[in-house]
Every structure is written in C-alpha cells, then in structure tokens.
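Residue-level structural notes
The residues making up each chain are set out below.
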Amino acid sequence: MKNLKDFEQGLEDCVGRSTDMRPFVCDGSPLKCHVFIVGFNPATTMTASFWDFWQSGCGFDKKAWFEEYKKDRAARPLKPGKTRRNSVSNTRRVLDWITEAASPYDCLETNIYSLPSDDKNGLRQEARDTTSFTFLLECIKPSVIVAHGEDAIREILSLAPPAHVIPVKHLSRGWSQKAARALGEEIKSRMREAGQQPLSSGFQLIV
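Values in this document were obtained by computation on a predicted structure and should not be read as measured data.

Turning next to the side chain of Arg-22. The residue Arg-22 is located in the loop between α1 (4-15) and β1 (24-25) in this model. Buried Arg-22, no salt bridge; nearest opposite-charge side chain is Glu-109, N-O distance 7.5 Å. Apart from residues lying up to four places away in sequence, Arg-22 is in contact with Pro-42, Ala-43, Thr-44, Met-46, Trp-65, Ser-114 and Pro-116.

Below, the structure is given as structure tokens:
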C-alpha cells in the first residue's frame, strides 16, 4: 500500500475512530517503516486516543505522543509499596536506544495485541485480537521484525511473515544501553542485506 489515505481508512476499519487501542508508534508515515519492533501488548494506558496524534497526509506525531505519554505516567497513582515512578518505562527507554541506533532506518513500534494493560494477564481474552497487527504486516510488508518476549516471538513465528525475524528477550528488563544499540546496528545490517535503502525520516507531508 503506497497511499497514506488508504492506509488511514484501513486502520480505522480495524480499530475504529474512537478507540482505546494503540496499534503502533512511529515518527511520521508508517508506510516508510520497514522495521517492526513487536511486543505482546502496550503496557501504558493513556487518556488521549491514538487518533489525537494522527494527521492525515502526514502520519503519526511521535513527539506530541511522547509528551502526553510522560504526562500520563506522572499522573497515574503509584502501585502499593511504590514510592516513585520513572518518567518513562524500561521498555520505552530501550526502544529509544534501539531506534536511535537503527537510524536512518525507520522503525514501527507495535504489538501483537493493540489494547493496553498493566501486564499480560490483565489483557482479557476477548481483547486478544490481532486484526490491526495483521493489517500492518500486510500493508507495510516489513523486511526486518524484532520480536521481544516469548509470547511475541511465538506469535510472530506462527504467522511466518516473509521477513527476517530477530527474536530477543523482553525489552522491559536485562538490557544495557550498549546491548540495545548493538541490536539497532544489527537491524541496519539486516536491512542492508535485504537491499533496503533508508528513506527520509521525520514528521512530514506525504503527497
């Protein structure tokens, strides 16, 4: 799919316009993101809708989303026994290291399931719908997929997408900045092997 307008309509058909789902995060047009970084489901519930950060003809405004993400995390009540919360989650910090190191290749941060929950067990069975994820796979056809965590790895391998799959441990724990950036470098290497040239990055008008 080359047309961002058609992509927007297809995504709306999958998740609706009023939605609690977060099908992905990227910087600008998802159609230029031939690297997917895939987890099980989003962990941070937000008050704003995914569509609040979408601009027709441009794509997703990651910078605006990130500012709202930090505000929401700061405003959430602490869990019993906790005295503080980091401004960003461990997973978000590692994701940022990876995507920075993978530049100039653009990454789509997504999940098998789009509805957020505090943990895997909190995602009710009826919410475990892969429609939006399979839509992204079919539309964008990524060349490289990083699957993190056993659940995401199992689902990706069962789908058998025509992409190079890099299975890694969950990004929420056990990652140093050095290891995350090494993964970003591996992504670049795999993209070059696939013959993919980096496209221009950023939030811009797609015509």
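This is not the end of the story, as more comes after the structure.
When strand β6 (residues 144-148) meets strand β7 (residues 164-168), the two strands line up parallel, connected through five bridges. Counterpart to Val-144 in the pairing with β7 is His-164. Where the polypeptide runs from β6 across helix α5 (residues 150-159) and back to β7, its parallel neighbour, the crossover connection is right-handed.

The next subject is the packing of aromatic side chains. Summed over the entire model, instances satisfying the criterion amount to 14 aromatic pairs. In this structure an aromatic cluster arises from ring pairing among Phe-7, Phe-24, Phe-50, Trp-51, Phe-53, Trp-54, Phe-60 and Phe-135. Taking NZ or CZ as reference, Arg-17 lies 3.9 Å from the ring centre of Trp-51, over its face. Over the face of the ring belonging to Trp-175 we find Lys-169, whose NZ or CZ atom lies 5.7 Å from the ring centre.

In the contact formed by helix α2 (residues 62-75) and helix α3 (residues 90-102), the axes pass within 14 Å of each other and the chain directions differ by 160°. In terms of orientation, α2 and α3 fall into the roughly antiparallel class. Along this stretch, α2 crosses α3, giving a crossing that reads as left-handed. Residues Lys-62, Trp-65, Phe-66 and Tyr-69 of α2 touch α3, and the partners they reach there are Arg-92, Asp-96 and Thr-99. Residue classes in the contact of α2 with α3 are distributed as three nonpolar, one polar and three charged.

Let us look at the pairing of strand β2 (residues 35-39). In terms of burial, β2 is a largely internal element, five of the five residues being buried. Side chains Val-35, Ile-37 and Gly-39 project from β2 onto one buried face, and the interleaved Phe-36 and Val-38 project onto a second face that is buried too. One ladder, built from five bridges, connects β2 with strand β5 (residues 107-111); its direction is parallel. The residue of β5 that forms the bridge with Phe-36 is Leu-108. Here four bridges tie β2 to β6, and the two strands are oriented parallel to one another. Opposite Val-35, over in β6, you have Val-144 as the bridge partner.

Calculation notes
- Residues numbered from 1 in each chain as written.
- Predicted model: local features only at pLDDT ≥ 70, side-chain atom pairs only at ≥ 80, totals over all residues.
- Heavy atoms only, no water.
- Helix = DSSP H or I, 4+ residues; strand = E, 2+ residues; numbered from the N terminus.
- Buried < 20%, exposed > 50% of the residue type's maximum accessible area, 1.4 Å probe, protein only.
- Lys, Arg positive; Asp, Glu negative; His and termini not counted.
- Salt bridge = Lys/Arg side-chain N within 4 Å of Asp/Glu carboxyl O.
- Contact = heavy atoms within 4.5 Å.
- Pairing = 2+ DSSP bridges.
- Right-handed = clockwise from strand over helix to strand, strands pointing away.
- Phe/Tyr/Trp six-rings, centres within 6.5 Å; stacked < 30°, edge-to-face > 60°.
- Lys NZ or Arg CZ within 6 Å of the ring centre and 35° of its normal.
- Axes fitted to C-alpha atoms, helices over the stretch in contact; angles between N-to-C directions.
- Parallel < 35°, antiparallel > 145°, perpendicular 65-115°, else oblique.
- Left-handed = near helix turned anticlockwise from the far one by under 90°.
- Nonpolar A, V, L, I, M, F, W, Y, C, P; charged D, E, K, R; others polar.

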